[in-house]
Every structure is written in C-alpha cells, then in structure tokens.
Amino acid sequence: MNAWRPLALAAIAVGTFDFACAAAADDVATLAAWWPGIYDTSEQLVFSRHGEAGRTEGSELRVRTLVSRIALPWLGDNVLYAEEFLQDDPENLRRQVLLRLEPRAAGGVRVRQYTLRDPVRFRHLHRSPRLIASLRVDDLATDPGCDLVLHREVTQFVGGTEGNGCRDDTPDEALYIDFRLLVGQDLYWYRKRHVRGADNVVEDEIAGYTWFQLYEARLFTCRVRWSPTGQRKDLRELHTVDVHDQGGRARFRAPDGRQLEIGLHAEDWPFAGGRDTLILILDEPGRHEPLGTSWAPVDADVIALDLGWVDVRCAAVVPQRRAVGS
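Residues numbered from 1 in each chain as written. Predicted model: local features only at pLDDT ≥ 70, side-chain atom pairs only at ≥ 80, totals over all residues. Heavy atoms only, no water.

Novice: Help me understand the state of the cysteines in this model?
Specialist: Cysteine pairs can be linked by a disulfide, which is a covalent bond between their two sulfur atoms. One pass over the structure, following the stated rule, counts two disulfides. The residue that forms a disulfide with C146 is C166, at a sulfur-sulfur distance of 2.0 Å. When the S-S torsion is 90°, as for the bridge of C146 with C166, the disulfide is right-handed. Of this pair, C146 sits in the loop between β6 (140-142) and β7 (148-153) while C166 sits in the loop between β8 (156-160) and β9 (175-184), and the two are 20 residues apart along the sequence. Of the two residues, C146 and C166, both sit in the buried class. Linked covalently through their sulfurs, C222 and C314 form a disulfide whose S-S length is 2.1 Å. For the disulfide bridge between C222 and C314, the dihedral angle about the S-S bond is near 110°, and by the sign convention the bridge is right-handed. Pair noted here: C222 is in strand β12 (residues 219-226) and C314 is in strand β19 (residues 310-316), with a separation of 92 residues, a long-range link. Just as C222 is buried, C314 falls in that class too. If the cysteines joined by disulfides in the protein are listed in sequence order, their pairing comes out as 1-2, 3-4. (Disulfide = S-S within 2.5 Å. Helix = DSSP H or I, 4+ residues; strand = E, 2+ residues; numbered from the N terminus. Buried < 20%, exposed > 50% of the residue type's maximum accessible area, 1.4 Å probe, protein only.)

Novice: For this particular structure, what's the right way to read the sheet that holds strand β17 (residues 292-297)?
Specialist: Backbone-to-backbone hydrogen bonds pair the strands of a sheet. The strands run either parallel or antiparallel. Strand order in the open sheet formed by four strands is β14-β15-β16-β17, with antiparallel pairing between adjacent strands. Edge positions in the sheet fall to β14 (246-253) and β17, since each of these pairs with one other strand and no more. Sheet twist, expressed as the average angle between the axes of neighbouring strands with direction ignored, equals 15°. (Pairing = 2+ DSSP bridges. Axes fitted to C-alpha atoms, helices over the stretch in contact; angles between N-to-C directions.)

Novice: Is there a simple way to think about the confidence of the model for the protein in this case?
Specialist: Residues shown with low pLDDT carry predicted positions that ought not to be read at fine detail. Mean pLDDT over the protein: 83, with 83% of residues reaching 70 or higher. Residue range residues 211-215 is modelled with pLDDT below 50. Its contacts to residues more than four positions away, or to other chains, number 18 contacts. This stretch, residues 322-326, has a pLDDT under 50; its non-local contacts, to residues over four places away or in other chains, come to zero contacts. (pLDDT = per-residue confidence, 0-100. Contact = heavy atoms within 4.5 Å.)

Novice: Would you explain the environment of N200 in this entry?
Specialist: Within the element layout of this structure, N200 appears in the loop between β10 (188-196) and β11 (202-210). Considering only alpha carbons, one finds N200 and Y176, 24 residues apart in sequence, at a separation of 8.9 Å. Apart from the residues lying within four places of it in its own chain, the contact partners of N200 are Y176 and V195. A polar atom in the side chain of N200 sits 2.9 Å from the side chain of Y176. (Polar contact = N/O pair within 3.5 Å; in protein donor to acceptor, adjacent residues only side chain to side chain.)

Novice: In this structure, what is going on with the sheet that holds β19? I would like to understand it.
Specialist: A sheet is described by the order of its strands in space; here four strands give the open sequence β13-β12-β19-β18, paired in antiparallel fashion. Two strands close off the open sheet at either side, each with one partner strand: β13 (236-244) and β18 (302-306). If you compare each strand with its neighbour and ignore which way they point, the axes differ by 15° on average. For β18 and β19, the ladder comprises five bridges, and the chain directions are antiparallel.

Novice: When you look at the side chain of H265 in this model, what are you seeing that I'm missing?
Specialist: Within the element layout of this structure, H265 appears in strand β15 (residues 259-265). Excluding its chain neighbours within four sequence positions, the residues that come into contact with H265 are D245, G247, T277, L278, I279 and I281.

Novice: It is not clear to me how the packing of aromatic side chains should be interpreted in this structure. Could you clarify?
Specialist: Two numbers describe a pair of aromatic rings. These are the distance of the centres and the angle of the planes. Here the structure, examined in full by the defined rule, presents five aromatic pairs. With centroids separated by 5.7 Å and ring planes inclined at 70°, the aromatic side chains of W34 and F157 adopt a geometry described as edge-to-face. Here W34 is found in helix α1 (residues 5-34), whereas its partner F157 is found in strand β8, with 123 residues between them in sequence. Each of the two residues, W34 as well as F157, counts as buried. (Phe/Tyr/Trp six-rings, centres within 6.5 Å; stacked < 30°, edge-to-face > 60°.)

Novice: What is the right way to read the pattern of salt bridges from this model?
Specialist: Two side chains that carry opposite charge are able to pair once their charged atoms sit near each other. Evaluated as defined, the whole model comprises 23 salt bridges. The shortest N-O distance in the salt bridge between D234 and K233 comes to 3.4 Å. Under the relative-accessibility criterion, K233 is labelled exposed at 62%. Overlapping salt bridges bring together D178, R180, R191, R193 and E205 as one network. (Salt bridge = Lys/Arg side-chain N within 4 Å of Asp/Glu carboxyl O.)

Novice: What is the right way to read the environment of R123 from this model?
Specialist: Along the chain, R123 falls in the loop between β5 (109-116) and α2 (129-134). Those residues in contact with R123 that lie beyond four places of it in its chain are E91, N92, L93, Q96 and L131.

Novice: Teacher, can you tell me more about the side chain of S227 here?
Specialist: Looking at the element boundaries, S227 is found in the loop between β12 and β13. Side-chain polar atoms of S227 contact the backbone oxygen of Q231, separated by 2.6 Å. Beyond its immediate stretch of four places on either side in the chain, S227 contacts D234, L235, G308 and W309.

Novice: Explain unusual backbone geometry here, please?
Specialist: Residues other than glycine predominantly adopt negative phi, and peptide bonds predominantly adopt the trans conformation. At H124, a position not held by glycine, the phi torsion is positive, near 55°. Looking at the secondary structure, you find H124 in the loop between β5 and α2. Of the residues examined, H124 reaches a relative accessible area of 10% and is grouped as buried. The phi torsion at N200 lies on the positive side, around 60°, for a residue other than glycine.

Below you can see the structure in the form of structure tokens.
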C-alpha cells in the first residue's frame, strides 16, 4: 500500500498545478476583458526632491488613457495597446505601449510591456489594421525588469513591478521605477515612483486616479458636415473627430474661420437632474449660449444635431445595443 503513496502525492501535485494554471488563464481572460476602455485621470505630483520640470508638489494634470485589444498573434493571444495623452489632445501622445498578458505558474497575470522604437509611425495603432499588420518584432523594445505582476482581488487586479529591475537611469544617478497599478470594473489607479538604486531613497512620486464618478466613458466618432450656402441640400463632409461621453470635447475650424466645439455629456452632466440622457452640444467658445443642443437616451449608440448649415452625427465606436435578427 505504501508503494502507491508517492504516485498519489504526485497525482495531487499535478492536479494542484493544473488548477493553478487554469485559474491563472481565467485571470488573463478576465483582465483582458476588463482593462480595455477610456480612462480620464487626475495625475498629481505627490512628492519630488528636486521638482519635476514645470510642476510643483500637489499640481495636477488631466491625463487620458485609451486601452484597446488588438489582434497580434505572433506576440501573444492577449495583447492590448495603450496610449496616453494630456488635456484632451490626442495628437500629443505622451506614452504608447503594447501589453502582452500571460498566466503565471505561481498564479496571477504577467504583463510584458513593449515600447515602440518609432512611436510617431504607429500613432493611434489600434485604429489601423494596416499599421497593425505592418508591425514587426524589430519595431518593439522591451525590458523584462519592467514586467507588471497583477493578482486578482475579487473585482479588481492589483500589483506592479517587482524588485529594482525597471531602470530609468539619468546622467547624474542610477534610478529604478516602482510602479503600482489597480484595474477594476469600477476603478483605475496608478502610482509611479523614481527610486535611487544606491540607497532606495524616493526621488519623486506621481499618483493618478479617476476624476469623475463613472470612470469608463464611451467613445464616439463624430462626423461634421458643412454647407457653404447655408442650405441643408449643400452639406459636405468637413471633419471627423473622436469624443467621449463624460464631458469629452473636440474643436475644429469651420470654413468661415470660426472655432467651433463639440461636447458630449452623459452621467457627468451636472444639470441632467437625474435623467438618463446623452447630450450633444455644438458651441462657439466665447458665446453665452450654445449654437445648438440635442439629446438621446443615455445608452443610445447614435446622436445627431442638424442646424441646416452644419450637421453633426456621433456614433458609438462600440455599440451597446446589439441588433437582434428577426
């Protein structure tokens, strides 16, 4: 009977390992589903020994992060693309990174980060199947020391870098990055520290946290048509802009020289009075009243505003309402 004991223990060990791998794989799938979205955060300089250029302690920046899932089989089964920019200026990208999600044998999810050697070339990568298809391994750079290790805690994933392997050396001293991240169905938070390698003294710390109640906005693409004669029959395509529905704004110049602004509001709208409404506004900065407004149910996939001389039609990039076949 004792002869069977090692085999029994081995079987238990294999079963435990298989269960851990299955759990980790499920975590990867869950994180890949939860993470994509649009995140607006207030980024605050919490502490700095020498002062960051142009910033003082306690100062805040508004940062938007877009995370999208992309198909890149040669890199992995679960790949996300993230880009980050300041103050609603999507053409002024601060950071672009590919994120490969994979299960860890010890549990949790390992996130390998890949930066782009020529980021300008791959600007807004998630929007272009052509750019995605052209991407090659030589276009990427990665540092295993900057991997993120995230563990699931009920409805959120928490973790970050491990040890001091994520280097960010300056000409004056050797530094490493300590990065913490929380991703959940109702939360998005990060903290980044630069730490001296010689004595582990923190040089500076930045924290980012969601700045409006419903953190995950919906992205809409808005098509603007303009009539040079002022008549509806002469409307012609003018601009296409992207805005989110939690106070997102986008400006464009009209052919007559005016600066016009599109605004889109849902739960963030302070005057909605509890109504479940999606509101589209066309404004000319400096006016006391908007040029026009329209509304639709808060979960509508399309909202439009037609003033005759200008027409704005916004459609959700990812519709909420699915067509049901008859």
